[in-house]
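Examining the three-dimensional arrangement
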Amino acid sequence: MTRPGDRFWRGVGVALLITGGLAGAFSDGSETDFRGLLLLGFPVAMFGLVLVVQGRRAALAIRVECSRHRHLPERLQRRRNGSARCG
């Protein structure tokens, strides 16, 4: 079952994927020099693909990684594994 928040993030991913693809198509087919648009469009499309596949979990992972508590999941996992072996 998909939650509404997960559907929102997957929708954002679809929008970013389409935007990145269009940026690549416009930079490739145009006569003018829009090669910088391709350099911007490719990472946007890859980020959109990650959001489509992972949904809300990708956004949460990025928030955790950018916060000062980024080592908290590792510490919690170590604590769980350590207490499971000892007890």
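Every value quoted in this text rests on a predicted model; they were computed, and no experiment measured them. (Residues numbered from 1 in each chain as written. Predicted model: local features only at pLDDT ≥ 70, side-chain atom pairs only at ≥ 80, totals over all residues. Heavy atoms only, no water.)

We now examine the environment of F47. For F47, the position within the fold is in helix α2 (residues 35-54). For F47, a relative accessible area of 35% corresponds to the partly exposed category. For the pair formed by F47 and A58, sequence separation is 11 residues and the distance between their alpha carbons is 9.3 Å. Discounting chain neighbours no more than four positions away, the residues touching F47 are L16 and I62. (Helix = DSSP H or I, 4+ residues; strand = E, 2+ residues; numbered from the N terminus. Buried < 20%, exposed > 50% of the residue type's maximum accessible area, 1.4 Å probe, protein only. Contact = heavy atoms within 4.5 Å.)

A few words on the packing of α2 against helix α3 (residues 56-66). Axis separation between α2 and α3 bottoms out at 6 Å; the angle between their running directions is 120°. When the interaxial angle is binned, α2 and α3 end up oblique. In this structure, α2 uses F47, V50, L51 and Q54 to contact α3, whose residues at the interface are R56, R57, A58, A59 and I62. Here the contact of α2 with α3 is built from residues that sort into six nonpolar, one polar and two charged. (Axes fitted to C-alpha atoms, helices over the stretch in contact; angles between N-to-C directions. Parallel < 35°, antiparallel > 145°, perpendicular 65-115°, else oblique. Nonpolar A, V, L, I, M, F, W, Y, C, P; charged D, E, K, R; others polar.)

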